[in-house]
Amino acid sequence: MSKMNDMAMTIEELRNAATAINDAANWLAQQFEGASGTAGKAENPAAPAKPALALEEVRAVLADKSRAGHTAEIRELLKKYGASKLSLVDPKHYEALLREAEVL
């Protein structure tokens, strides 16, 4: 990879990390607002369901699979979700992509 590609990937990862941190801060703010507001909201465990997967989490799993010799299969999975690289996959598909990658 060229240095420009490395830099572009680093910038994308930083942006995704910033988004994840911002989402976590918003969730925490909602939890504190709910705790000081009504007790009914704090008792509802279904509200903070499963947090969305971050790009870094999916990237780590795919990197492990790639090192294990499944690079071609991973490329096929990415193509299935309409992308040539992971950063181009729509985040709403991360969970399904991860489920499929884990069976490799």
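Residues numbered from 1 in each chain as written. Predicted model: local features only at pLDDT ≥ 70, side-chain atom pairs only at ≥ 80, totals over all residues. Heavy atoms only, no water.

A. Representation of the environment of His93. Along the polypeptide, His93 turns up in the loop between helix H3 (55-80) and helix H4 (94-102). His93 sits twelve residues away from Tyr81 along the chain, and the two C-alpha atoms are 7.4 Å apart. (Helix = DSSP H or I, 4+ residues; strand = E, 2+ residues; numbered from the N terminus.)

B. Seen up close, the layout of surface pockets. Approximately 510 Å³ is the volume found for the second largest pocket. What lines the second largest pocket is a set of 19 residues, and nearest its centre among them are Met9, Arg59, Leu78, Lys85 and Leu86. Looking at the lining of the second largest pocket, the elements that each hand over two or more residues are helix H1 (3-36) and H3. Residues that form the lining of the second largest pocket fall into these classes: eight nonpolar, five polar and six charged. (1 Å grid on protein atoms, 1.4 Å probe; cavity = no way out; pocket = protein on both sides within 12 Å on 5 of 7 lines; lining within 4 Å. Points joined across faces, edges and corners; volume = space filled by probe spheres on them. Nonpolar A, V, L, I, M, F, W, Y, C, P; charged D, E, K, R; others polar.)

C. Highlighting the packing of H3 against H4. For the pair H3 and H4, interaxial distance at closest approach is 9 Å and the crossing angle is 70°. The angle between H3 and H4 places the two elements in the roughly perpendicular class. Where H3 crosses over H4, the two elements pack in a sense that is left-handed. For the pair H3 and H4, the contacting residues are Leu55, Val58, Val61, Leu62, Lys65, Leu77, Leu78 and Lys80 in the first and Tyr94, Leu97, Leu98, Glu100, Ala101 and Glu102 in the second. (Axes fitted to C-alpha atoms, helices over the stretch in contact; angles between N-to-C directions. Parallel < 35°, antiparallel > 145°, perpendicular 65-115°, else oblique. Left-handed = near helix turned anticlockwise from the far one by under 90°. Contact = heavy atoms within 4.5 Å.)

D. Main features of the environment of Lys85. Along the polypeptide, Lys85 turns up in the loop between H3 and H4. The sequence separation of Lys85 and Ile74 amounts to eleven residues, and the corresponding C-alpha distance is 9.6 Å.

E. Summary view of the pattern of salt bridges. All chains considered together, the criterion is met by six salt bridges. Between Lys79 and Glu76 there is a salt bridge whose closest N-O contact spans 3.9 Å. Of this pair, Lys79 and Glu76 both sit in helix H3, three residues apart, roughly one helical turn. Glu95 is the partner of Arg99 in a salt bridge, and the nearest nitrogen-oxygen pair spans 3.3 Å. Here Arg99 and its partner Glu95 are both found in helix H4, four residues apart, which amounts to about one turn of the helix. The class of Glu95 is partly exposed, set by a relative accessible area of 37%. (Salt bridge = Lys/Arg side-chain N within 4 Å of Asp/Glu carboxyl O. Buried < 20%, exposed > 50% of the residue type's maximum accessible area, 1.4 Å probe, protein only.)

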